[in-house]
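# Fold and geometry: a report
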Amino acid sequence: MKLFAKTTLAVAGISLASLAFAADPLANTTWQTFDDGQPKGVVKITEYNGVLTGKLISTVSPKGQKHVGRTIIANLKSDGGGKYSGGTITDPAKDKTYRMTANLSGNTLDLKGYIGPFSRSQTWKKR
């Protein structure tokens with residue numbers, strides 16, 4: 001009986017540990033960005049130690065090509081349930097960085113950038 005209890009506790013501990021290290025649903029995903037309803041670029045989101053980062057990997061604008069490879073999302077963390085906060089988002093064309101939150105729902109990522117009391121929202125689609 002003691003062996004059964006020890007084995008059960010060990011399996012439960014390993015299961016909980018593996019859940020803690022499960023990949024975030026945003027990790028290693030690619031997103032089509034839109035600005036005013038028009039496709040703008042493609043962002044690849046990666047995760048390292050629970051922190052999400054997004055890099056611009058392509059753009060439809062010839063002027064935007066100089067920003068390809070630039071990190072535009074930094075320090076974003078999961079709050080659970082598809083909600084994210086604590087990060088920043090950079091508008092590469094204006095070289096301005098804003099606080100941000102995001103909500104993931106299926107293949108849609110709703111982002112909101114904040115500067116003071118003002119905010120602006122965008123909806124990205126998973127590729």
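Scoring rules and cut-offs
- Residues numbered from 1 in each chain as written.
- Predicted model: local features only at pLDDT ≥ 70, side-chain atom pairs only at ≥ 80, totals over all residues.
- Heavy atoms only, no water.
- Helix = DSSP H or I, 4+ residues; strand = E, 2+ residues; numbered from the N terminus.
- Salt bridge = Lys/Arg side-chain N within 4 Å of Asp/Glu carboxyl O.
- Buried < 20%, exposed > 50% of the residue type's maximum accessible area, 1.4 Å probe, protein only.
- Pairing = 2+ DSSP bridges.
- Axes fitted to C-alpha atoms, helices over the stretch in contact; angles between N-to-C directions.
- pLDDT = per-residue confidence, 0-100.
- Contact = heavy atoms within 4.5 Å.

Along the polypeptide, G80 turns up in strand β4 (residues 71-80). Sequence separation between G80 and D24 is 56 residues; the distance between their C-alpha atoms is 9.5 Å.

A few words on the pattern of salt bridges. If you walk through the whole model with that rule in mind, you get three salt bridges. A salt bridge links R70 to D95; its shortest N-O distance comes to 2.5 Å. Pair noted here: R70 is in the loop between β3 (51-59) and β4 and D95 is in the loop between β5 (83-91) and β6 (96-105), with a separation of 25 residues, a long-range link. Connected via shared salt-bridge partners are D35, D36 and R120.

For the rest of this paragraph, the subject is unusual backbone geometry. Phi is positive for N75, close to 60°, though the residue is something other than glycine. Considering the arrangement of structural elements, one finds N75 in strand β4.

Moving on, we get to the pairing of strand β1 (residues 29-35). In terms of burial, β1 is largely enclosed, as five of its seven residues are buried. Relative to strand β2 (residues 38-48), β1 runs antiparallel, the two sharing seven bridges. Within β2, the position partnered with D35 by the bridge is Q38. Between β1 and the antiparallel strand that follows it, β2, lie two residues; D36 among them carries a positive phi value of about 55°. By the bridge criterion, two bridges tie β1 to strand β8 (residues 118-126) in an arrangement that is antiparallel. By the bridge assignment, W31 is partnered in β8 with K126.

Strand order in the closed barrel formed by eight strands is β1-β2-β3-β4-β5-β6-β7-β8, and the pairing between neighbours is antiparallel. Averaged over all adjacent pairs, the angle separating strand axes in this sheet is 35°, with direction ignored. Examined bridge by bridge, β4 and β5 share five bridges and lie antiparallel to one another. Its bridge partner lying in β5, I73 is registered against I89.

As a further point, take the confidence of the model for the chain. Looking at the chain as a whole, its pLDDT mean stands at 87, while 83% of the residues score no less than 70. Across residues 7-20, where pLDDT falls below 50, the model places zero contacts with residues more than four positions away in sequence or in other chains.

A few words on the side chain of T59. Its place among the elements puts T59 in strand β3. Excluding residues that lie within four positions of it along the chain, T59 makes contacts with K40, G41, G64, Q65 and V68.

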